[in-house]
Amino acid sequence: AEGAREARLRLDGLSYGSLVNACAKSGRAEEAATWLSQMQADGVDRDVVAFNSAIHAAASASRADDAIARLSEMSAAHVSPNVVSYASVIDACAKSRRPEEAALWLEKARQAHVTPNDVCYNSAAAACARAGMVSRAAALLRDMEADQLK
């Protein structure tokens, strides 16, 4: 972020989004969050893609609290989370060995009128199964089947 400011470049949303995404793809979750914050500081609108990249970066680093924080920032910025947003938060909780939270975020997606996809269900169910919560995992898979029949 500092180099771009020093060069006095005016970055647009696409440029910032590309930086956030590049950080996410290279496993640099903190830098992705920094660029997302810099977008706001520079008055550049943050979109669902930029937020999702930062959430994905946190999930890839098993940083559930950071992923959840980015989702909260997203809502505060009046950017509607989508299924990718929730799938990444659920994945972050699963990777952080927090199966109950993974299942909770699945429910929060539904409450937000976002239809969970197979990735959401499978991540939450796998986290529960790994934690020995087999009946909870089976219930999530039954929920997935029921949702797919709608």
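Described below are features of the structure shown in this document. (Residues numbered from 1 in each chain as written. Predicted model: local features only at pLDDT ≥ 70, side-chain atom pairs only at ≥ 80, totals over all residues. Heavy atoms only, no water.)

### Side note on the overall build of the protein
Part 1 of the reasoning: Within the protein one finds 9 helices and 0 strands.
Part 2 of the reasoning: The globule rule puts the C-alpha radius of gyration for 150 residues at 15 Å, and the 17 Å found for the protein is close to it.
Part 3 of the reasoning: Residues classed as buried in the protein amount to 40% of the 150 residues present.
Part 4 of the reasoning: Residue pairs at least 24 apart in sequence account for 56% of intrachain contacts in the protein once pairs closer than 6 positions are excluded.
Part 5 of the reasoning: Each charge class in the protein was averaged separately, 17 positive and 19 negative side chains, and the resulting centres sit 2 Å apart. (Helix = DSSP H or I, 4+ residues; strand = E, 2+ residues; numbered from the N terminus. Rg over C-alpha atoms; globule rule 2.2 N^0.38 Å. Buried < 20%, exposed > 50% of the residue type's maximum accessible area, 1.4 Å probe, protein only. Contact = heavy atoms within 4.5 Å. Lys, Arg positive; Asp, Glu negative; His and termini not counted. Charge placed at Lys NZ, Arg CZ, Asp CG, Glu CD.)

### Side note on the pattern of salt bridges
Any two side chains of opposite charge can pair, so long as their charged atoms come close to each other.
Part 1 of the reasoning: Counting across every chain of the model gives 11 salt bridges.
Part 2 of the reasoning: Here Arg63 makes a salt bridge to Glu30, at a shortest N to O gap of 3.2 Å. Remark: Glu30 occurs in helix α3 (residues 29-41) and Arg63 occurs in the loop between α4 (48-60) and α5 (64-76); sequence separation between them is 33 residues.
Part 3 of the reasoning: Under the relative-accessibility criterion, Arg63 is labelled partly exposed at 30%.
Part 4 of the reasoning: Between Asp91 and Lys95 there is a salt bridge; the shortest N-O distance is 3.2 Å. Note that Asp91 and Lys95 are positioned in helix α6 (residues 83-95) at a spacing of 4 residues, about one turn of the helix.
Part 5 of the reasoning: Residues joined by salt bridges that share partners form a network here, namely Glu107, Arg110, Asp143 and Asp147. (Salt bridge = Lys/Arg side-chain N within 4 Å of Asp/Glu carboxyl O.)

### Concerning α5
Three- or four-residue spacings in an α-helix give side chains the same orientation, since the helix completes a turn every 3.6 residues.
Part 1 of the reasoning: Look at α5: 18 Å from first C-alpha to last across 13 residues, which is about the 18 Å you get at 1.5 Å a residue.
Part 2 of the reasoning: The complete set of buried residues in α5 reads Ala64, Ala67, Ile68, Arg70, Leu71 and Met74. Down the axis of α5, the buried side of the element spans an arc of 155 degrees, and every buried residue falls inside it. Exposed side chains of α5 directed beyond 90 degrees from the buried face belong to Asp65 and Ala76. (Expected span 1.5 Å × (residues − 1). Arc of directions from axis to C-beta.)

### Focus on the environment of Tyr121
Part 1 of the reasoning: The topology assignment puts Tyr121 in helix α8 (residues 118-130).
Part 2 of the reasoning: Under the relative-accessibility criterion, Tyr121 is labelled buried at 1%.
Part 3 of the reasoning: Once the C-alpha coordinates of Tyr121 and Gly17 are considered, the two residues, 104 residues apart in sequence, prove to be 28 Å apart.
Part 4 of the reasoning: Leave out the neighbours within four places in its chain, and Tyr121 touches Leu106, Arg110, Pro116, Leu140, Asp143, Met144 and Asp147.
Part 5 of the reasoning: A polar side-chain atom of Tyr121 sits 3.0 Å from a polar atom in the side chain of Arg110. (Polar contact = N/O pair within 3.5 Å; in protein donor to acceptor, adjacent residues only side chain to side chain.)

### Digging into the nonpolar core
Part 1 of the reasoning: Counting 46 residues, the largest nonpolar core has Leu71, Val89, Ile90, Cys93, Trp105, Leu106 and Leu140 as the members making the most contacts within it.
Part 2 of the reasoning: Elements represented by at least two residues in this core include exactly α2 (13-25), α3, α4, α5, α6, α7 (99-111), α8 and α9 (134-149). (Core = buried A, V, L, I, M, F, W, Y, C linked by side-chain atoms within 4.5 Å.)

### Things to note about the packing of α2 against α4
Part 1 of the reasoning: At a minimum axis separation of 8 Å, α2 and α4 run at an interaxial angle of 20 degrees. Classified by the angle their axes make, α2 and α4 are roughly parallel. Crossing geometry of α2 relative to α4 is assigned as left-handed. Counting all contacts with α2, which are made through Val20, Asn21 and Ala24, the residues of α4 involved are Ala50, Ser53, Ala54 and Ala57.
Part 2 of the reasoning: Residue composition of the contact of α2 with α4, by class: 5 nonpolar, 2 polar and no charged. (Axes fitted to C-alpha atoms, helices over the stretch in contact; angles between N-to-C directions. Parallel < 35°, antiparallel > 145°, perpendicular 65-115°, else oblique. Left-handed = near helix turned anticlockwise from the far one by under 90°. Nonpolar A, V, L, I, M, F, W, Y, C, P; charged D, E, K, R; others polar.)

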